[in-house]
Amino acid sequence: MHPAGTVQQKNPRQSRNRQTDFLFFPKRESGNRNFQPVLYILHRTVGKSKAPGRSGGHVLPGSAPGARRSDMEKIQIPNQAPSTPMPIVIAGALVKGKENYLTIGAYGVMSMQPPLVYISSMKAHFTNAGIKETGYFSINVPPAALIKETDYCGLVSGRTTDKSRIFTGFYGKEKHAPMIQECPVNAVCKVVKTVELPNNEVFIGEVVEYYVDTPCLTDNIPDPKKIDPLLLAGHSYRKLGGIAGTAFSAGKSLMKK
Ligand SMILES: Cc1cc2nc3c(=O)[nH]c(=O)nc-3n(C[C@H](O)[C@H](O)[C@H](O)COP(=O)(O)O)c2cc1C
């Protein structure tokens, strides 16, 4: 299935269920001119390590008929943040009085009450200076229709390119951070904490103002179907699929009676 050879472990305890594989992983997408294959040594578990049928007994989409998650062989791959689709937002800030926007995948909700969100932005980004200067940033949820503008804001830096006119900026009660009129969901966030990582600054912000386009509400709640947000999965932007189940309800059938 994979290129290159498979070598059995010398240690007999390990060799029972572990193999060492030499695999070539592309550093970037293979279409990229800078494509550099990298050799990784991977350990994979062979044979069954779990009691079959305990969990994940559902049929795998796209697999051979009858293939089940609980029967799958696992392979250890190089350490990185585990892959899940990331919601894409555009953060806005005033940098030396000028509106600037950057695309962020590393965004998330930290607390519902108080409403806290985070963005993790590389230290070198132009926007960071503005967030630190003003103590505020905005979060804007771009619809799939804004895919070009969203990608563009993640390709060029405000340090060298004026991104202030790519969108129509608007402000809430105070001129703290620009929000994007063309995005259906917007929030102003006040920085309450900054966490310094080796390459990034994580800005934790409390939502102090929240706006939603009225046509994107259903029963006064922001409706993801109407908002049509973008997700980042690997190197692809994706749109939401259908509803898979009801939260806080789908698992009830597994509760002990
Ligand atoms: C889809 C996408 C997601 C991105 N996510 C992040 C992110 O989570 N954190 C980050 O620091 N940069 C991220 N970037 C890169 C920045 O948006 C990009 O470097 C931007 O040009 C910085 O702008 P600035 O220098 O004007 O602040 C992303 C770019 C794209 C296209």
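Above this text sits the structure in question.
This structure is a prediction, so every number in the text was calculated from the model and none was measured.

J.: Before we move on, could you go through the environment of Ile243 and cite the residues and values that matter?
T.: For Ile243, the position within the fold is in the segment after strand S17 (236–239). By relative accessible area, Ile243 is classed as exposed at 82%. Along the primary structure Ile243 and Lys225 are separated by 18 residues, whereas in three dimensions their C-alpha atoms are 9.8 Å apart.

J.: So what's going on with the nonpolar core? Which residues, and what values?
T.: Membership of the largest hydrophobic core comes to 19 residues, with the highest contact counts inside it found for Ile104, Tyr107, Ile119, Ile131, Phe137 and Ile139. When residues of this core are traced back to their parent elements, those giving at least two are strand S5 (89–95), strand S6 (98–104), strand S8 (116–122), strand S9 (136–141) and strand S12 (185–196). Counting residues per element, this core draws most heavily on S12, at four residues. Discounting chain neighbours no more than four positions away, the residues touching Tyr107 are Pro87, Val89, Val117, Tyr118, Ile119 and Ile139. Counting seven residues, the second largest nonpolar core, distinct from the first, contains Ile90, Leu146, Cys153 and Ile180.

J.: Explain the packing of aromatic side chains to me, and be specific about the residues and the numbers.
T.: Applying the stated criterion to the full structure yields two aromatic pairs. Their ring planes at 85° and their centres at 5.4 Å tell us that Tyr101 and Phe167 sit as a pair that is edge-to-face. Residue Tyr101 is found in strand S6, and its partner Phe167 is found in the loop between helix H3 (147–153) and strand S10 (169–170); the two are separated by 66 residues along the sequence. With a relative accessible area of 0%, Tyr101 lands in the buried category. Centroid distance Phe170 to Tyr211: 5.8 Å. Interplanar angle 80°. Geometry classified as edge-to-face. Taken as a pair, Phe170 in strand S10 and Tyr211 in strand S13 (residues 200–212) lie far apart in primary sequence, 41 residues in all. With a relative accessible area of 19%, Phe170 lands in the buried category.

Rules used in this analysis
Residues numbered from 1 in each chain as written. Predicted model: local features only at pLDDT ≥ 70, side-chain atom pairs only at ≥ 80, totals over all residues. Heavy atoms only, no water. Helix = DSSP H or I, 4+ residues; strand = E, 2+ residues; numbered from the N terminus. Buried < 20%, exposed > 50% of the residue type's maximum accessible area, 1.4 Å probe, protein only. Core = buried A, V, L, I, M, F, W, Y, C linked by side-chain atoms within 4.5 Å. Contact = heavy atoms within 4.5 Å. Phe/Tyr/Trp six-rings, centres within 6.5 Å; stacked < 30°, edge-to-face > 60°.

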